[in-house]
8 protein chains.
Amino acid sequence: MGVNELLKSYKSGKLGLEETLVQLKEQGIEDLGFAKIDSGRLERTGIPEVIYSAGKTKEQVQQIAERMYKTGIDILATRASEEIFQGVTQVVPGAVFNPQAKTIVYHHKTNKLTKDYIAVVAAGTSDLPVAEEAVETANFLGNKVERIYDVGVAGIHRLFSRMDLIRGARVIIVVAGMEGALPSVIGGLVDKPVIAVPTSVGYGANLGGVTALLAMLNSCAAGISVVNIDNGFGAACQAGLINKLK
Amino acid sequence: MGVNELLKSYKSGKLGLEETLVQLKEQGIEDLGFAKIDSGRLERTGIPEVIYSAGKTKEQVQQIAERMYKTGIDILATRASEEIFQGVTQVVPGAVFNPQAKTIVYHHKTNKLTKDYIAVVAAGTSDLPVAEEAVETANFLGNKVERIYDVGVAGIHRLFSRMDLIRGARVIIVVAGMEGALPSVIGGLVDKPVIAVPTSVGYGANLGGVTALLAMLNSCAAGISVVNIDNGFGAACQAGLINKLK
Amino acid sequence: MGVNELLKSYKSGKLGLEETLVQLKEQGIEDLGFAKIDSGRLERTGIPEVIYSAGKTKEQVQQIAERMYKTGIDILATRASEEIFQGVTQVVPGAVFNPQAKTIVYHHKTNKLTKDYIAVVAAGTSDLPVAEEAVETANFLGNKVERIYDVGVAGIHRLFSRMDLIRGARVIIVVAGMEGALPSVIGGLVDKPVIAVPTSVGYGANLGGVTALLAMLNSCAAGISVVNIDNGFGAACQAGLINKLK
Amino acid sequence: MGVNELLKSYKSGKLGLEETLVQLKEQGIEDLGFAKIDSGRLERTGIPEVIYSAGKTKEQVQQIAERMYKTGIDILATRASEEIFQGVTQVVPGAVFNPQAKTIVYHHKTNKLTKDYIAVVAAGTSDLPVAEEAVETANFLGNKVERIYDVGVAGIHRLFSRMDLIRGARVIIVVAGMEGALPSVIGGLVDKPVIAVPTSVGYGANLGGVTALLAMLNSCAAGISVVNIDNGFGAACQAGLINKLK
Amino acid sequence: MGVNELLKSYKSGKLGLEETLVQLKEQGIEDLGFAKIDSGRLERTGIPEVIYSAGKTKEQVQQIAERMYKTGIDILATRASEEIFQGVTQVVPGAVFNPQAKTIVYHHKTNKLTKDYIAVVAAGTSDLPVAEEAVETANFLGNKVERIYDVGVAGIHRLFSRMDLIRGARVIIVVAGMEGALPSVIGGLVDKPVIAVPTSVGYGANLGGVTALLAMLNSCAAGISVVNIDNGFGAACQAGLINKLK
Amino acid sequence: MGVNELLKSYKSGKLGLEETLVQLKEQGIEDLGFAKIDSGRLERTGIPEVIYSAGKTKEQVQQIAERMYKTGIDILATRASEEIFQGVTQVVPGAVFNPQAKTIVYHHKTNKLTKDYIAVVAAGTSDLPVAEEAVETANFLGNKVERIYDVGVAGIHRLFSRMDLIRGARVIIVVAGMEGALPSVIGGLVDKPVIAVPTSVGYGANLGGVTALLAMLNSCAAGISVVNIDNGFGAACQAGLINKLK
Amino acid sequence: MGVNELLKSYKSGKLGLEETLVQLKEQGIEDLGFAKIDSGRLERTGIPEVIYSAGKTKEQVQQIAERMYKTGIDILATRASEEIFQGVTQVVPGAVFNPQAKTIVYHHKTNKLTKDYIAVVAAGTSDLPVAEEAVETANFLGNKVERIYDVGVAGIHRLFSRMDLIRGARVIIVVAGMEGALPSVIGGLVDKPVIAVPTSVGYGANLGGVTALLAMLNSCAAGISVVNIDNGFGAACQAGLINKLK
Amino acid sequence: MGVNELLKSYKSGKLGLEETLVQLKEQGIEDLGFAKIDSGRLERTGIPEVIYSAGKTKEQVQQIAERMYKTGIDILATRASEEIFQGVTQVVPGAVFNPQAKTIVYHHKTNKLTKDYIAVVAAGTSDLPVAEEAVETANFLGNKVERIYDVGVAGIHRLFSRMDLIRGARVIIVVAGMEGALPSVIGGLVDKPVIAVPTSVGYGANLGGVTALLAMLNSCAAGISVVNIDNGFGAACQAGLINKLK
C-alpha cells in the first residue's frame, strides 16, 4: 500500500492512527544509526527530509547523502562546509555546492519550478548567506525565485527601483540584520504575505541577531511573520507551502 | 481618478511616485486631529484601516467609528472594552461586540466569506481571547474560519480527534501560551503554512509570553512562522493574505 | 561678581576651581528642602534648571514653580499631570499646559526663537506625547521647531511627501516606537544629525521600548545617535545645543 | 566506627553533629591537593563521588582515577575527552569510554542493576550526547535503563509507537533542545514522574538552551520538573534516587 | 466500557488510538462552555482535574465546582481568593478554604493519606503561601505531609534541628525565594529526591523570582530538580507521583 | 546631469522621485559583485562610502580599495587587520594604517580640516582602539580633532586639568567602558553636544559593553546621546555632521 | 545559661553544635505564628532582628512591635507606611516615624552612637528614600552618620565642596540611581571602603535599577562593593559591622 | 613639595583643587605611551597602581614592570599568563608567579603583614583561581590572609569544621560560583563584614556567573556586599581598606 492509499485508509477509518503511523514509518524511515532518513516527511508535511550538516562529520553527511542518492531521494544539505561538499561530491556526482549559501543540492530529475515566484529580498551584502540559503531551499522545493539584494533602508531609493519585481511575487521573504527595518517598509507597500528573517549581522547591541528579531516581531506593518535568526531554510519552507497553495 | 487608475498611471510612468502618493493621500487619508483614517491602505496592502482601541478614549474611538460609518467604510476595532463598545453602538447601530475577543465589527453589506477556511487552533481556555481576536479579524477580512479550541499538548488525544478539520484548512493559526509547544506538534502533521501566536498566558518563568515566543521561533518543525505575543490580529492579517492567493 | 565674571576669573587663573564653584553655588542654588533650584546650570551646560514632575506632589511642584516665578526664572515642568498644572497656574498666572506633552511652560518675556529650526518627526499617533515633550522643550530652549507627524514606515509615502521640510532642518529628532525603523530611513536621506528617541509604544516583544531602543542603536545609517526610551526632553536638549552652534 | 555506626551514634545523640562530621570527613575525604575525593558522599546523599572532567587536565583526571581504582571505589568520569580516556585507561585497565556520552566508567564488581527501569527519551539526534550522559550515569548508579530516541514532536507518530515502553518505566528522563516541547507531550500521557533536561541544541533565539529550559519550566503538564541545560548527569542522579525508593 | 477496559482494548489492539481517544473523551470531558472538565485525566496522568482560579470569575469557579460536586468528583481549586471561596461554599457545603495557600478543597469521602510522607520545607515566612499550596495539593492527592518552615540558610541552626524529620521523608519539596540557597544545603544532606520551588519573594535584583530559579538550576548538589516560580502545585504533583511509586 | 542638478530637478518637480533615484543610482553605484560602491552617498547623507572590513577577505577589501583608488574616491577602511592593510597597500600606494584604530586611510588630495575641532575623550587605555577609530573617521571626514585620553572618573583630577580643551570643542565624543560614567561627568560641565560611545572593555557583569551602554542612556546630564557599543565610526559621523553645520 | 555561656560551652566542646543551637533557639526565638522573633540574631551576626514591613498587614507589624516592646527589644521597622506607623504608635508610645525613609524606630534607652561616622552620600533628591533608610538603620545600629545629599555627577562641583566630610568617614555609603556613576567618582578620591547602593530611580532603559546596579559592579575604582537595588538597609548593616571593628 | 604637603596645602586653602591636581599629576603619573603609571594613587585611595595584564602584550607588561622596578615601586600584575611572567622575570629578578592566581608579585622590601587577618573562603576547587587572586592581592596590600577552601554548601559539614577560623577574621571574602549560596550561609553565622565574589564557574543557566552574582545580591543575610564576577582583586582591595581601619 502506497503512502496515499495509507492516508486514504486512515481517513476512511479503515486504519487506526497508530497502525497507519507504524506502516508509514516502515515505509519512510531508514536507520543509519546516527541519523534516520524520514522519507515519509514529504507526504506528511509537504517538506522532504533535509540534511542539517552543522554538528555532523564529513563522513556522516557523506553516508546519508550516498544513501539518499542510491534510494532515489533528492538531496539538500544546509550549513555545509567546502570540506563536507568534497565528501559528498565523491559519492553524489553532479551535486552542486553554493559556497555562500553553504548548501549542497542534487536532483535526480530536472527540478521543475513553479510559474509563480517567491521574492527573496536582502538588506545588505552581509545578509546574503542567509538569503542564499532561502533561495536554494525554495528552489529545491520546486519554487521559482527572484533575488532582490542590497536594498537596505539606509538607501531606500535602491528599494523603490525594485518594487515592481517584489510586488509581483506570490510571497516575499525579507532578510535583514542590524535594526531589521526592511520588512516593515516592504510590508507597508505590498498586499502579499511577508516572511521576515532576522540575521545575526551586526555587533554590540545587536545581541547576535536578537535586536533584528525583536524589531521584526514589533513591525508596525500587518501581514508579517518571523522565523528564527539566520533561518533562511525555515522561511523558504513556509514560503514554499504558501506558493504551492492552489 | 480612482485609486486603481492612479496606480496604473504610476506603473505606466505617467505619474511619478511622489505625485501619485500625494494624490493617493488626498483620497485616502482623513484627518481627525488625533488619528488619521488611511482608507487607501486596503489598496496598498490588502488590509484595510483598523481601529486599535488600546490607549484611545471612548470618545476618540466613537468619533473615528462614526466617521468610518458615515463614509461607508467597514469597521473593525480591536482591544475594545465594553465601555468603548457602548460609545460606538450609539453612533454605529448594528455594530457587534465580541467581549472575549474585545472586538467591535460593523459591515455595511453582508460580509462575503471565502470558500477555503483558515483554521484557528488554541491550546487552552486562557488563550481564547487571542484566538477570538484572530477569528474576528479573519472574518472581517472576508475569510471563513474554523475554530479548534482546547487541544493543548498536555492532552494530545484532544488534538488528534480534530486533525482532519485542521488538515483541511488552507492556512493554520495556532495560539498557545506557557511552553508554546502546540505549533511544533501541528507543524509536523500538516502540509499547510502554520502561523504561530504566542500568548502571555502563564506566570513566573513565562516572562509575559517571551517563553512561548522563543519556543515557537525554535520549532523543530519547518514551515512555521511567528508573530508578536498576543497578536491575534497580525496572525489573521497574514493568514488572510495567504488565504486569498489565487 | 556675576556668573560670567566668575567664569572669566576662573579661566584666567584668578580663582581656583573650588572657590569658583563655591561662589557659583552660592549664587545659583536655592534650597527648598526637598529640591534645590540650580539656576547656575544654564551658564555651565547651556540648559537651564527644569522641573521633572514625576514623583513630586502637586504642592512640591507648585512651590518650586512659585519660587522660580518670583525669582524671574523661566519655567519648564515636564511629566506634569492636569492636577499639577492646576496647582501651578494658581501661583504662576499665564503658565501654559500642553496636556499631550504633559508640560507646563512659562516665560517672563516673549521667548525669542532661532531662525534655523529643529524638525521633530514622529512615526505614529501613539508616539505624539514623546514628540510633543521634545517640541515643548526645544521651544522653551529658544528653538524654532517644525512638526512632521504620522509618517511611520508602514506607509512610507507619507514620509516622502514631507522630506523637504525634514531636509531643511538643522538637526532632526525622530520619535518612534514598535520596531523603531524610522530613524534609519530618514538617516539615509539627509545630511543633518539625527537624534533618535525610542518610545515605549507597543506590547509583548517590544519589552517596554527596549526593542525600539536596540533597533535604533543598530541603525545601518551612520550619523544617528540615540537617547533613553521616551526621553523627548533629552533629545531636545541635545538638539538645542546643536542648533545654537554658530 | 563505620559510617553507619557513626550516623546511628549521631541520631541517638551519642555524638554531636560537629564531631560526627569531623569523623565522617576523616573517613571519607582524601586529599589530592587539587581535588578531594569525598568517598563519604554516597552514604550521605545516595550519590557517590564523581569526576567532572571539564576544566581538569589529563594528568589530574588520571591521578584521581588511579587513586579511586586503588582504593576500590567505582569510577564515573563525565565530560571526558578521548584524550582524557587515553590517560585513564593506562592506570585503570578495563575502563570503558562512551564517546557520545563523553563518560568513562569502571566497576570493580559487576554492576547489579535494578529490575525497574528508567526511561531516557530523546527528541533528536543532536540531543544524544546529553541523553547518553544520563544513561551512563543512571547505569553507573545501578539502574536499568531503556533508551527511546529520535521521537521529537515534529514527527509525533514516532513517539506513539514507543509509548508502552515509556509508560512502563518507574521514572522518565526526557531530553530535548530547540523548543523543548517533548516533556509536555509525554507528561500528559503518563502517570510517572518526568524529569526534563533542556539541551543547548539549536541556534539564534535558542539562546544556548535557555529557550528549551524556559519552555520546560512552563509546561502545561503537571508532574514535570527540570534540571540545568545539558545536565544529563543531574537528571540521572535524581531519577536514580527515585527509582531506588522502596 | 470503563476507562480501564478502554485502555486494555487499546493495548491489545482491539481499538485504534483515535477511537480509544474519542471514547475516552466522551466519558471524561464535560463541556461548560468556558472550561471543560477532563475527568479522565486522573487515569491518564495520575493527577486529577484541578481548577486554576486565576483569571476566572467567581461565577465560573462556582459553576465548575458545583458540577464537579454533583458528579462526585473531588475538588481542588488553586489561586482562589476569599471572594471565590464565598461563591464555592454556597454550592459545595463543607468546602475548606486555606487563605494562605489560596486553595479550596472538598472530598466526598474521607481523604486517605499515604503512610510515607512528603516533607515541605520553606525558607522564610514570605514563602509560606507557595509552601502551603504545595501542602494542600499533596494532601488532596492523598499524601501525608510534614511541614518544616522558617529554616532559611541565614540562620542555619534552625535547619539542623529539623534534619531528622526532613531525612525521614520519601521526597522533599524545598520552597525558597531571594537567593534560593536552601535546596543546595538540603540536597547535600539527604539521599531522597529534592524538588526545588523558587518563589518571587524579594525585590530589585531578584527579578520576580528568576534569581532564585537560576540559582536552584545551578545547585552544586546533585539530585535536585526545579519547577516554575511560585509553582507549589506542580511540585506537589511530581512529589505525589514519586511518593506513590511502589 | 550632475548630482546637484539632479536634486534640483527633483525639488522643482521636473523629475519624479523614482526617475531621480534611478539616475542617481546609475551615477553613484558601481557593482563589484560582492559589494556595491555607493559613491552617491556623500551627496545624500554628507558621509561618503566607507569599507567596513569585518567579515570581508583580504582580496575583497583590496579589490574595493583599488576600484575606489582608480575612480578618484578617497578611502577609509575600518576594522582592518594588519594583513588586510598589506593587501591594500599593494594597490593603493600611500595608504596609511593606524593599527590601534584598525583603519586604513587614503586621500587623493591633502585632507583640508575644519577650524573648529571635535574633542575625542577616552576614559582608559583599553578604550583607545574605539577612540582612535573615531579620530580617524572624523579626520577622514575633514574635521580637526583633539585627543583627550586617560581621563577616567576613578582619577577625576586628570579630567579637570583638561577641561579647557574639552570645553573649547564644537562637539565632544566621549568613549568609555566598564561603568560608562565619564559622559555624565563631562555632560554636566560643558554647553556643547556630547556623543557617548560605550566600549566592550571590562568583564563579567559588563555584559560585553551593555552595562556601559545602559549607563550612558540613563545619564543624569541632559544633552547627551549614545551610539552602539564600540561604534567610534558612527559617533564620528554624527560629530562630523554637527561640526560642519554653519 | 546565657547566650555567651552557651557559645563558650560550644567552643570548648562541652556542647555539640546541635544541642547548642536548640538551646539558642529556645532562648532566642519567639513564635507569633506568622513571624518568629529571632532575638538571638544580634549575638550571632552583630545585627538584631528587624521588622521588614513590606507584605505584612498593619495588625501583624503592630503585634510584632508590641511583643518586642514588652520584651525590651529595640525596634526597627523598615518599608513601613504611615498607616502601619499609626498601628505601631498605639502600642509603642514614643516610636518615631521617618516618612521619607519609611522607618519606625524605638529605643528603650538612649541610643549611644559611635564616635567615628558613616557617610551616607546620595546623588539626587529621588534617591533620598533609600539614603534615609540607610541613615536610620545605621543610627539604629549605634552608628553616627553624616548626610551628604544632592551631589550627583551632573554637577560635580557640588560633590567637591563636600569631599572633606566624605573623606573623614570610616566607611562611605553611596546611593545613586540612573547611570550609577557617583560611587566610581568617590571611590577614586578616598581611601575608605565604599558601599554602593543602586536605586530604582529613573525610567526606560534604567530597567528598574538594574542599569545602576550593573554600572556599580563594573566600577573602574577598586575598593567598592555593591548591595541589592534600593537596599539601604543592607548597606547600613555592612557599614555598621565595618564601623564597629576595633 | 611632597604629596602629603600638597594635600595639606589644598585642605588649608593655600592651593586650589586644580593646581593641586596638576602638581599631584606631575609627581605621580609617568607616561609610557600606552599606559600611564599613576604612582600617586596609593596616597589618594589607599590602593597602589596595579598592572591589569589582560589585553596587554608580553612586551607592554614587561616594560611597565621594569619601569616600576627601577622607580622602586612594588609590583602586582593580575591576569598574567606564564608567558607574561617569563617576560617580567627577565627584568624583575625575584618576581614571584602564582600560576593559579595568575599573579606576578615583587616587593622591594619584605612585605610587612597586618596582625589581623582576612579570611578568603572558597566553595569549590574551580573557584580557586579567583580566591587565589584575592589572596595574592590582599597579601600584596600588606594583609595577613587565611585560606579556607572547598567548603561548598553541598557538603556543609566541611564548612562547620572551619567556622572558628572564619569567625576570627576581621573581614571575610567568600568566593563561589554555580548557585552562589555560600555567602548567605556564612553571613548568617558571623558578625564581621562579608564580601561576596561570584565566579563564572558552571555551565548552562549559570549565564557566565550572572546567576551567582544575582543570588549573592539577594542574600537573605544582612551585612553582605558583592563585587563583579571573578573580581578577586576588587574584593581584596575593599577587604584591605577595611582591615587597615584603626
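Given the structure is predicted, the values throughout are model-derived calculations rather than measurements. (Residues numbered from 1 in each chain as written. Chains lettered and ligands numbered in written order. Predicted model: local features only at pLDDT ≥ 70, side-chain atom pairs only at ≥ 80, totals over all residues. Heavy atoms only, no water.)

A. Fine view of the overall build of chain A. Secondary structure assignment for chain A yields 11 helices and 11 strands. Within chain A, buried positions represent 63% of all 246 residues. Long-range pairs, those at least 24 residues apart, make up 64% of the contacts in chain A with a sequence separation of at least 6. With the model as given, the accessible surface of chain A reaches about 8,700 Å², and the carbon-plus-sulfur share is 50%. (Helix = DSSP H or I, 4+ residues; strand = E, 2+ residues; numbered from the N terminus. Buried < 20%, exposed > 50% of the residue type's maximum accessible area, 1.4 Å probe, protein only. Contact = heavy atoms within 4.5 Å. Areas by Shrake-Rupley, 256 points an atom, 1.4 Å probe, with all protein chains shown as cover.)

B. Up close: the pairing of strand E7 (residues 117-122) of chain D. All names here are of chain D. Among the six residues that make up E7, six are buried, leaving the element largely enclosed by the rest of the structure. The alternating pattern of E7 places Tyr117, Ala119 and Val121 and Ile118, Val120 and Ala122 on opposite faces, both of which are buried. Both E7 and strand E8 (residues 144-148) contribute to a ladder of five bridges, which runs parallel. Paired with Tyr117 across the strands is Lys144, a residue of E8. This β-α-β element, E7 to helix H6 (residues 128-140) to E8, shows right-handed connectivity. Judged from the five bridges that link them, E7 and strand E9 (residues 171-176) form a sheet pairing that is parallel. Each residue of the ladder has a partner; that of Ala119, found in E9, is Ile172. (Pairing = 2+ DSSP bridges. Right-handed = clockwise from strand over helix to strand, strands pointing away.)

C. The arrangement of the sheet that holds strand E4 (residues 75-78) of chain F in detail. All names here are of chain F. The strand order across the open sheet built from four strands is E3-E4-E6-E5, with neighbouring strands paired in mixed fashion. Looking at the sheet topology across the chains shown, the edges are occupied by strand E3 (51-52) and strand E5 (96-98). Inspection of the sheet shows E3 paired to E4 by two bridges, in the parallel sense. From the neighbouring strand, Ile51 faces E4, where its bridge partner is Ala77. With respect to the sheet, helix H6 (residues 128-140) is in contact with E4, E5 and strand E6 (103-106), its orientation differing from that of E6 by roughly 15°. (Axes fitted to C-alpha atoms, helices over the stretch in contact; angles between N-to-C directions.)

D. Summary view of the domain arrangement of chain A. Residues and elements named next belong to chain A. As assigned here, chain A comprises domain 1 (27-106) and domain 2 (117-243). Summarising the inter-unit geometry, the C-alpha centres of domain 1 and domain 2 are found 26 Å apart. Residue-level contacts link 16 residues of domain 1 with 13 residues of domain 2. Interface area, domain 1 with domain 2, both sides summed: about 1,200 Å², of which 69% is carbon and sulfur. With a closest N to O distance of 3.5 Å, Glu133 and Arg79 form a salt bridge. Between domain 1 and domain 2 we count three residue pairs in polar contact (both at pLDDT 80 or more) in total. Of all the secondary-structure elements, those providing two or more residues to the side of domain 1 that touches domain 2 are strand E4 (75-78) and strand E6 (103-106). Classifying every residue of the side of domain 1 that touches domain 2 by side-chain character gives eight nonpolar, six polar and two charged. (Domains from an automatic or database assignment. Buried area = accessible area lost by both parts, 1.4 Å probe. Salt bridge = Lys/Arg side-chain N within 4 Å of Asp/Glu carboxyl O. Polar contact = N/O pair within 3.5 Å; in protein donor to acceptor, adjacent residues only side chain to side chain. Nonpolar A, V, L, I, M, F, W, Y, C, P; charged D, E, K, R; others polar.)

E. Representation of helix H6 (residues 128-140) of chain C in the model. Residues and elements named next belong to chain C. Taking 1.5 Å per residue, 13 residues should reach 18 Å; H6 reaches 18 Å between its end C-alpha atoms and fits that length. Within H6, 11 of the 13 residues are buried, which leaves the element mostly enclosed by the surrounding structure. For H6, the full list of buried residues reads Leu128, Val130, Ala131, Glu132, Glu133, Ala134, Val135, Glu136, Thr137, Ala138 and Phe140. In the segment just after H6, Gly142 is the residue with positive phi, at about 95°. (Expected span 1.5 Å × (residues − 1).)

F. Summary view of the packing of aromatic side chains. In the structure shown here, the tally under the stated rule is 28 aromatic pairs over all chains. Consider the rings of Tyr52 of chain D and Tyr203 of chain H, whose centres lie 6.4 Å apart with planes at 20°: the pair is stacked. You can see Tyr52 of chain D sitting in strand E3 (residues 51-52) and its partner Tyr203 of chain H sitting in the loop between strand E10 (194-198) and helix H10 (210-217), one on each of two chains. Accessibility expressed as a relative area gives 33% for Tyr52 of chain D, which makes it partly exposed. Directly above the aromatic system of Tyr203 of chain H lies the positively charged group of Arg79 of chain D, at a separation of 4.3 Å from the ring centroid. (Phe/Tyr/Trp six-rings, centres within 6.5 Å; stacked < 30°, edge-to-face > 60°. Lys NZ or Arg CZ within 6 Å of the ring centre and 35° of its normal.)

G. Up close: the relation of the copies chain A and chain B. With an RMSD of 0.0 Å, the fit of chain A onto chain B corresponds to turning through 180° and sliding 0.0 Å along the axis. Those values place the two copies in the arrangement expected of a two-fold rotation axis. Looking at chain A, 97% of its interface residues are interface residues in chain B too, so the copies touch through the same face. (Least-squares fit on C-alpha atoms with pLDDT ≥ 70 in both.)

H. Representation of the environment of Asn218 of chain A in the model. Tracing the sequence through the fold places Asn218 of chain A in the loop between helix H10 (210-217) and strand E11 (224-226). Dropping the residues within four chain positions of it, Asn218 of chain A is found in contact with Asn228 of chain B together with Met178, Glu179, Tyr203, Ala205, Asn206 and Thr211 of chain C.

I. Just the interface of chain A and chain B, in detail. At the junction of the two partners, chain A supplies 37 residues and chain B supplies 37 residues. Of the roughly 3,000 Å² buried at the junction of chain A and chain B (both faces included), carbon and sulfur atoms supply 61%. For the chain A face of the interface with chain B, the top three residues by lost area are Leu217, Gln238 and Leu245 of chain A, together amounting to 18%. At the boundary of chain A and chain B, one finds zero salt bridges.

J. How the structure looks around the packing of helix H6 (residues 128-140) of chain H against helix H11 (residues 232-243) of chain H. All names here are of chain H. It is at 7 Å that the axes of H6 and H11 come closest, and there the two elements cross at 40°. The chirality of how H6 crosses H11 is right-handed. Every residue of H11 that contacts H6 at Val130, Glu133, Ala134, Thr137 and Ala138 is listed here: Gly232, Phe233, Ala236 and Cys237. When grouped by side-chain class, the residues that make up the contact of H6 with H11 number six nonpolar, two polar and one charged. (Left-handed = near helix turned anticlockwise from the far one by under 90°.)

K. Structural context of the confidence of the model for chain A. Residues and elements named next belong to chain A. For chain A, the mean per-residue pLDDT works out to 87, and 84% of the residues sit at or above 70. When mean pLDDT is compared element by element in chain A, strand E7 (residues 117-122) scores highest at 98, while strand E1 (residues 29-31) scores lowest at 45. Segment residues 24-31: pLDDT under 50, and 25 contacts once partners within four positions in sequence are set aside and those in other chains are kept. The ipTM value of the predicted complex is 0.85, and its pTM value is 0.88. (pLDDT = per-residue confidence, 0-100.)

L. Structural context of the state of the cysteines. Considering all chains together, one arrives at zero disulfides over all chains under this definition. With no disulfide of its own, Cys220 of chain G has Cys237 of chain H as its nearest cysteine by sulfur position, at a separation of 13 Å. (Disulfide = S-S within 2.5 Å.)

M. Region of interest: the UniProt feature "domain: PurE" (unreviewed entry) in chain A. Look at the UniProt record and you will see "domain: PurE" (unreviewed entry) annotated at residues 116-245 of chain A. For residues 116-245 of chain A, the helix share is 38%, the strand share is 19%, and the end-to-end C-alpha distance is 11 Å. (UniProt positions renumbered as here; feature names shortened; annotations may be inferred.)

N. Highlighting the side chain of Glu133 of chain B. All names here are of chain B. Structurally, the position occupied by Glu133 is in helix H6 (residues 128-140). Classification of Glu133 as buried rests on a relative accessible area of 5%. Those residues in contact with Glu133 that lie beyond four places of it in its chain are Thr78, Arg79, Ala101, Thr103, Asp230, Asn231, Gly232 and Phe233.

O. Up close: the environment of Asp116 of chain B. Residue and element names in this part refer to chain B. Assignment of secondary structure puts Asp116 in the loop between strand E6 (103-106) and strand E7 (117-122). Residue class for Asp116 comes out partly exposed when judged on its relative accessible area of 39%. Separated by 53 residues in the primary sequence, Asp116 and Ala169 place their C-alpha atoms 6.8 Å from one another. Look past the residues within four positions of Asp116 in its chain and what remains in contact with it is Lys144, Arg170 and Asn243.

P. Representation of the sheet that holds strand E3 (residues 51-52) of chain E. Residue and element names in this part refer to chain E. Pairing within the open sheet is mixed, and its four strands lie in the order E3-E4-E6-E5. In this open sheet, the two strands that pair with only one neighbour each are E3 and strand E5 (96-98). Contacts between helix H6 (residues 128-140) and the sheet are confined to strand E4 (75-78), E5 and strand E6 (103-106), with E6 contributing the most and set at about 15° to the helix.

Q. Quick look at the pairing of strand E6 (residues 103-106) of chain D. Residues and elements named next belong to chain D. Alternating residues of E6 divide into Thr103 and Val105 and Ile104 and Tyr106, and every residue in both groups is buried. With three bridges connecting them, strand E5 (residues 96-98) and E6 associate as antiparallel partners. Across the sheet, residue Phe97 finds its bridge partner in E6, namely Ile104. The antiparallel pairing of E5 with E6 creates a hairpin that spans four residues between the two strands, and Lys102 there sits at a positive phi of about 60°.

R. Representation of unusual backbone geometry within the structure. The phi dihedral of Arg79 of chain E falls on the positive side, at around 50°, and the residue is not glycine. Residue position: Arg79 of chain E is located in the loop between E4 and helix H5 (82-91). Classification of Arg79 of chain E by relative accessible area gives partly exposed; the value is 24%. Non-glycine residue Asp230 of chain H carries a positive phi angle of around 65°. Structurally, Asp230 of chain H can be placed in the loop between strand E11 (224-226) and H11.

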